[in-house]
Amino acid sequence: YINWMEVKDQFTKALPFNHVIIDDFFLPDVAEQLAKEFPSYNNPGLGFYDNAIENKKVLNKWDKFPKMTYQAFTYLGRSEFVSNMRELAGDYQLNLDFGLNGGGWHIHGVGGNLNPHLDYSLHPKMELLSPCMGWLYLIL
C-alpha cells in the first residue's frame, strides 16, 4: 500500500528538486521476479546507443518483455496509478507514453554513461512539449 498523501508531502519538500523514493514499491516476490527477468548486458536482443550523450543498451518493445515485466509496466500505465502520479506532479501536465520512447529497460555496462541532457523539446511521436515547457512524461 502506498500512502500517496505522504508521498506527495515528501516529493514537494525534497531538495534540491522535487523527488521521492518509495521503498518496497513492489512486493518482495514481485521485485525478485522482475530482477530475474532483467537481461544481462550481453543479451543479443537489446538495442544499443553509443554517442556523446550515452553508451547503453535498451529494450523498449512490449512484445519482447517477459511476463512479470510486462505486467509491471501495464500496472504502471493503469489510469489509477497515472492519476496518482498526476496528483503528485501538481502543476505539470503528465502524459503517459505507451510507445516507450525513451522508456523500457536501460542497461549500462562497464564504461557506460548517460550524460545530462534533454531528450527533445517536442515528443517525437506524441508531438507534445517537453518537461522544460511544463510537461512531464511518465516513461516506464
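The structure contained in this document is the topic of the report that follows. (Residues numbered from 1 in each chain as written. Predicted model: local features only at pLDDT ≥ 70, side-chain atom pairs only at ≥ 80, totals over all residues. Heavy atoms only, no water.)

## Overview of the environment of Val 58
The condition is simple: Strands here are runs of E lasting at least two residues and helices are runs of H or I lasting at least four, both read from the DSSP assignment and numbered beginning at the N terminus. Note on definitions: a residue-residue contact is assigned when non-hydrogen atoms from the two residues lie within 4.5 Å.
Locating Val 58 in the fold gives a position in strand S2 (residues 54–59). Considering only alpha carbons, one finds Val 58 and His 106, 48 residues apart in sequence, at a separation of 4.5 Å. Those residues in contact with Val 58 that lie beyond four places of it in its chain are Leu 46, Gly 47, Tyr 49, Trp 105 and His 106.

## Describing the nonpolar core
Formally: We define a nonpolar core as any set of buried Ala, Val, Leu, Ile, Met, Phe, Trp, Tyr and Cys residues linked to one another through side-chain atoms lying within 4.5 Å. Summary of the burial criterion: residues with accessible area below 20% of their type's maximum are buried, those above 50% are exposed, and those between are partly exposed, where the area comes from a 1.4 Å probe applied to protein chains only.
Judged by nonpolar contacts, the single largest core of 14 residues is most densely connected at Trp 4, Val 7, Leu 59 and Phe 65. Those elements that provide at least two residues to this core are helix H1 (4–13), helix H3 (67–76), helix H4 (79–89) and strand S4 (105–107). It is H1 that contributes the most residues to this core, 3 residues altogether. Not counting residues up to four positions away in its chain, the partners in contact with Leu 59 are Gly 45, Leu 46, Lys 64, Phe 65, Gly 103, Gly 104 and Trp 105.

## Quick look at the packing of aromatic side chains
Cut-off, in case you're wondering: A pair of Phe, Tyr and Trp rings is counted when the ring centres sit within 6.5 Å of each other, with Trp represented by its six-membered ring. The angle between the planes then sorts it: under 30 degrees is stacked, over 60 is edge-to-face, the rest tilted. Over a ring means this: the NZ of a Lys or the CZ of an Arg is within 6 Å of the ring centre and within 35 degrees of the ring normal.
The final tally for this structure, using the stated rule, is 10 aromatic pairs. Both rings, one in Phe 65 and one in Trp 105, keep their centres 5.1 Å apart while their planes meet at 85°; by these two values the pair is edge-to-face. In this pair, Phe 65 sits in the loop between S2 and H3 while Trp 105 sits in strand S4, placing the two residues 40 residues apart along the sequence. The residues Phe 65 and Trp 105 share a single accessibility class, namely buried. Each residue in the set Phe 38, Trp 62, Phe 65, Tyr 70, Phe 73 and Trp 105 is aromatic and connected to the rest through ring pairs, giving one cluster. Sitting over the face of the ring of Tyr 49, Lys 56 holds its NZ or CZ atom 5.7 Å from the ring centroid. The ring of Tyr 41 carries the charged tip of Lys 57 above its face, separated from the ring centre by 4.5 Å.

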